[in-house]
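Observations on the three-dimensional arrangement
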Amino acid sequence: MSDLRKVRVIDSHTEGEPTRVVIDGGPELGRGSMAEKLAVFREKFDDLRSGIINEPRGSDILVGALLTPPTTPRAVCGVIFFNNVGFLNACGHGTIGVARTLAYLGKIGAGSHVIETPVGEVTIHLDAAGQIRIDNVASRRAFKDVAVDVAGRGQVVGDVAWGGNWFFLIGEHGQRLTLDNAEALTRYTWDVRTALTRAGVRADDGGEIDHVELFGPPVRRDADSRNFVLCPGKAYDRSPCGTGTSAKMACLYADGKLKEGQAWRQESIIGSLFTGSVRREGERLVPSIAGSAHITGEATLILDPDDPFRYGIRAR
């Protein structure tokens, strides 16, 4: 029994998308920068990532968040996000989930708090009523109207933009953005992602475009748009996607369709909502995202060395 590894987690959902925050039992990643800690996690502890997030303890739609000591005194903690197939640069819904978890644990109260991610600092704003808004990393559009030939579907045109992760954003797609059409939407967006990879389409910094986002008219009267977001592990985002909404607002701003401080209300495929806006800080465009998160459970995960699926069920 002394060989059992125990990992304490708190689960939440942000507008329907789950986050699993590791609060104890995670790996020791050293004292480097957040990017260096991410590299250590990826290179030395990927089995642990899989055991925490994949079946039989987790599922494909879960996003994990490992809390780390901060590298700067102005931050309350660092965080590394991961999913069923690897690691994420950042995560908007996950940051809101981390904020709710920290408040639940009594680690933060009303006010503004900095969290470090591998791609920069994110600021949490928690009001007295418990509402959460985050100032995300600076976002931008890299390329407009990129055309890619998708096998069996013809040419698809979209924008490449950064919101903490790289996105291919498509407005003209001919797809029905309803929850009962999620399987077809998953196939369509996966075909687009496969085509991007095959064609060698990458971001302007060489980064992989690993998220595909479709947009269409909203269903809610209080929304400006509805989206469907395919994440890297082939699961779709139940929330409106914080980094994806940031990327979308960067494109709208670049096109003169969104002004500083103007609200953009993004509806998800399940009908949940983020309210976003942007502001200029010199050359940087900083997006803000507001949404609700709720604690759904506390657990101690047990990784037994005799368990053949100690490190999760993974494709071989």
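To start, this report covers the structure provided alongside it. Quantities reported herein were computed from a predicted structural model and do not represent experimental measurements.

**Notes on the layout of surface pockets**
- Of the voids in this model, the largest pocket is the one considered here, and its volume is about 360 Å³.
- Asp 159, Ile 170, Gly 171, Lys 248 and Lys 257 are, among the 20 residues lining the largest pocket, the residues nearest its centre.
- Those elements that place two or more of their residues in the lining of the largest pocket are strand 9 (140-150), strand 10 (154-162), strand 11 (166-170), strand 12 (211-216) and helix 5 (242-254).
- For the lining of the largest pocket, the per-class residue count stands at eight nonpolar, four polar and eight charged.

**With respect to empty space enclosed by the protein**
- The final tally for this structure, using the stated rule, is one cavity of 30 Å³ or more.
- Of the pockets and cavities examined, the largest cavity occupies roughly 160 Å³.
- Surrounding the largest cavity, 24 residues form its lining, Glu 17, Val 63, Leu 88, Cys 231 and Asp 237 being those nearest its centre.
- At the level of secondary structure, the elements contributing two or more residues to the lining of the largest cavity comprise helix 3 (92-104) and helix 5.
- Of the residues in the lining of the largest cavity, the class split is eleven nonpolar, nine polar and four charged.

**Here's the deal with the pairing of strand 11**
- In terms of burial, strand 11 is largely enclosed, as five of its five residues are buried.
- Side chains Trp 166, Phe 168 and Ile 170 of strand 11 all project onto a buried face; the interleaved residues Phe 167 and Leu 169 project onto the opposite face, where all are buried too.
- Both strand 10 and strand 11 contribute to a ladder of four bridges, which runs antiparallel. Across the sheet, residue Ala 161 finds its bridge partner in strand 11, namely Phe 167.
- The hairpin formed by strand 10 and strand 11 contains three residues between the paired strands, and Gly 164 there has a positive phi angle of roughly 115 degrees.
- In this structure, strand 11 lies alongside strand 12, joined through four bridges in parallel fashion. Its bridge partner being in strand 12, Phe 168 is matched across the sheet by Val 212.
- Crossover handedness for the path strand 11 to helix 4 (residues 182-199) to strand 12: right-handed.

**A few points about helix 5**
- Its 13 residues give helix 5 an end-to-end C-alpha distance of 18 Å, which sits within 8% of 18 Å, the value for a rise of 1.5 Å per residue.
- Of the residues one or two after helix 5, Gly 256 is the one with positive phi, at around 75 degrees.

**Quick word on the environment of Gly 158**
- Of note, Gly 158 is situated in strand 10.
- Judged by its relative accessible area of 3%, Gly 158 falls in the buried class.
- Along the backbone, Gly 158 and Val 137 are 21 residues apart, and their C-alpha atoms lie at a distance of 22 Å.
- Beyond its immediate chain neighbours, meaning those up to four positions away, Gly 158 contacts Lys 144, Asp 145, Val 146, Phe 168, Leu 169 and Ile 170.

**Focus on the pattern of salt bridges**
- This structure, assessed with the given rule, holds 19 salt bridges.
- Here Glu 208 makes a salt bridge to Arg 193, at a shortest N to O gap of 2.8 Å. With Glu 208 in the loop between helix 4 and strand 12 and Arg 193 in helix 4, the pair connects residues that are 15 residues apart, well separated along the chain.
- Residue Glu 208 is classed as partly exposed on the basis of its relative accessible area of 36%.
- With relative accessibility at 12%, the residue Arg 193 sits in the buried group.
- Residues joined by salt bridges that share partners form a network here, namely Arg 133, Asp 135, Arg 279, Glu 281 and Arg 284.

Here is what the cut-offs are and how they apply
- Residues numbered from 1 in each chain as written.
- Predicted model: local features only at pLDDT ≥ 70, side-chain atom pairs only at ≥ 80, totals over all residues.
- Heavy atoms only, no water.
- 1 Å grid on protein atoms, 1.4 Å probe; cavity = no way out; pocket = protein on both sides within 12 Å on 5 of 7 lines; lining within 4 Å.
- Points joined across faces, edges and corners; volume = space filled by probe spheres on them.
- Helix = DSSP H or I, 4+ residues; strand = E, 2+ residues; numbered from the N terminus.
- Nonpolar A, V, L, I, M, F, W, Y, C, P; charged D, E, K, R; others polar.
- Buried < 20%, exposed > 50% of the residue type's maximum accessible area, 1.4 Å probe, protein only.
- Pairing = 2+ DSSP bridges.
- Right-handed = clockwise from strand over helix to strand, strands pointing away.
- Expected span 1.5 Å × (residues − 1).
- Contact = heavy atoms within 4.5 Å.
- Salt bridge = Lys/Arg side-chain N within 4 Å of Asp/Glu carboxyl O.

No statement about biological role is implied by the geometric values presented.
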